[in-house]
Every structure is written in structure tokens, then in C-alpha cells.
Amino acid sequence: LANLYFKFALANDDKGDEALAFEYYNKCISLPKNNPCLALAYSNLASCYYEKENYDDAGACFKKAYQLEKDANNYEGIYYTSSHIAKILLKRNSPRALEYLNEAKQSAEFINDEYLLLEATIALGDYYYNDIEKSKEALKVSNLYLEVPYAENVAEINNVLDTYHKSIMNRE
């Protein structure tokens, strides 16, 4: 039944019938907790709210989906939900956005998806670019790349960046 509700909601979402999409995403969500579509239903419902600029409900649904994805160790789902939570937090100028941007990047690294890793890195760059103090930190980070010019792979560079990031967080 969960699959049926979810697919019906998805089909209506795709054809632009928001009312039916909302109704059937919610029906899917209301099924018992062993629902195999629960995280996806929350994510898609959150996306619908987000498109309508209802960021409070979008954030609540993305956070529920995020927790379900974390519990299931689904790194693609963690990437998707954490990057969207970050977008909402950025709209609110919340410093917690950085936490979710980093979570998205770590998930992209874990699943070894170059496109998602690039997307997450660009999002982090945008985060730093939009604030002069953060831009100074980003410049320091970019200089770290110059200190590791012969790294055999991205993992070595990311280890240096992670160490640097932890040192920044410890100063705050």
C-alpha cells in the first residue's frame, strides 16, 4: 500500500496536481513505521513545501526524512536531505547551515559520487563567499590546496581540510 500511495503521489506531483500529491504523500506517511517509502515520502513532501516557499513545513519534513536516512545509513538520502536543510537554514542566516553543508559533502565523499561532491563543494564555496569573514576562512582553506600540490588523491586533500575545519571549530 505504501508503494501505491507513494507512486500515485509522485505521478501527481510530476503532472503538477499538488493537491493530490500532498494528499497521497501524507497518506503514505500515515502508514505504519515499517513503511519502505517513508523517507522518500517525507523528502518529496518537503520538496513540495519548499517549492511553495513554505520553509517551516519543508524544514520539518526534510528533518524527518534526514533522520530516517541516517538511521538507515542511506548516504544518498542523507546527501539530499542535508543539502536541502542547509538551503533552508541559509535562507534564515543560521550558522547551523554549515553543519548540514559539511554533512552533504561527507555523504557525497562516502558514496564516491563526483557530481554530488562537486555540487557540495560549490555549495560550501557559496556559503563562504557570501560573508567576508567566511571568505577569509575560505581563502585559508584554498591555500591549503597549494600546500598539498602532489596529493595522490582527493582523500589526502580532504584529510588536510578536515583537520583545518576541526581546528576552526575548536576556536569558536
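Check the entry above for the structure.
None of these values were measured; they are calculated from a predicted model. (Residues numbered from 1 in each chain as written. Predicted model: local features only at pLDDT ≥ 70, side-chain atom pairs only at ≥ 80, totals over all residues. Heavy atoms only, no water.)

Chemist: Would you mind going over empty space enclosed by the protein in detail, with residue names and values included?
Modeler: Throughout the structure, instances matching the rule amount to 1 cavity of 30 Å³ or more. Quantified by volume, the largest cavity comes out at close to 40 Å³. Take the lining of the largest cavity: its biggest share by element is 3 residues, from helix H2 (residues 18-29). The residue makeup of the lining of the largest cavity, split by class, is 3 nonpolar, no polar and 4 charged. (1 Å grid on protein atoms, 1.4 Å probe; cavity = no way out; pocket = protein on both sides within 12 Å on 5 of 7 lines; lining within 4 Å. Points joined across faces, edges and corners; volume = space filled by probe spheres on them. Helix = DSSP H or I, 4+ residues; strand = E, 2+ residues; numbered from the N terminus. Nonpolar A, V, L, I, M, F, W, Y, C, P; charged D, E, K, R; others polar.)

Chemist: Go over unusual backbone geometry, please, and point to the residues and values.
Modeler: If you check the backbone angles, Asn 93 has positive phi at about 55 degrees while not being a glycine. Tracing the chain through its elements places Asn 93 in the loop between helix H5 (75-91) and helix H6 (97-111). A relative accessible area of 69% means that Asn 93 is categorised as exposed. Look at Asn 112: it is not a glycine, yet its phi comes out positive at around 60 degrees. As for its placement among the helices and strands, Asn 112 is situated in the loop between H6 and helix H7 (114-129). The class for Asn 112 is exposed, based on a relative accessible area of 66%. (Buried < 20%, exposed > 50% of the residue type's maximum accessible area, 1.4 Å probe, protein only.)

Chemist: Give me the lowdown on helix H3 (residues 38-51), citing residues and values where you can.
Modeler: With 14 residues, H3 should reach 20 Å at 1.5 Å per residue; the first-to-last C-alpha distance of 20 Å fits that figure. Of all 14 residues in H3, 11 are buried, a share of seventy percent or more. Of all the residues in H3, the buried ones are Leu 38, Ala 39, Ala 41, Tyr 42, Ser 43, Asn 44, Leu 45, Ala 46, Ser 47, Cys 48 and Tyr 49. Each element contacted by the buried residues of H3 is listed here: helix H1 (2-14), H2, helix H4 (55-71) and H5. Glu 53 lies just past H3 and shows a positive phi near 60 degrees. (Expected span 1.5 Å × (residues − 1). Contact = heavy atoms within 4.5 Å.)

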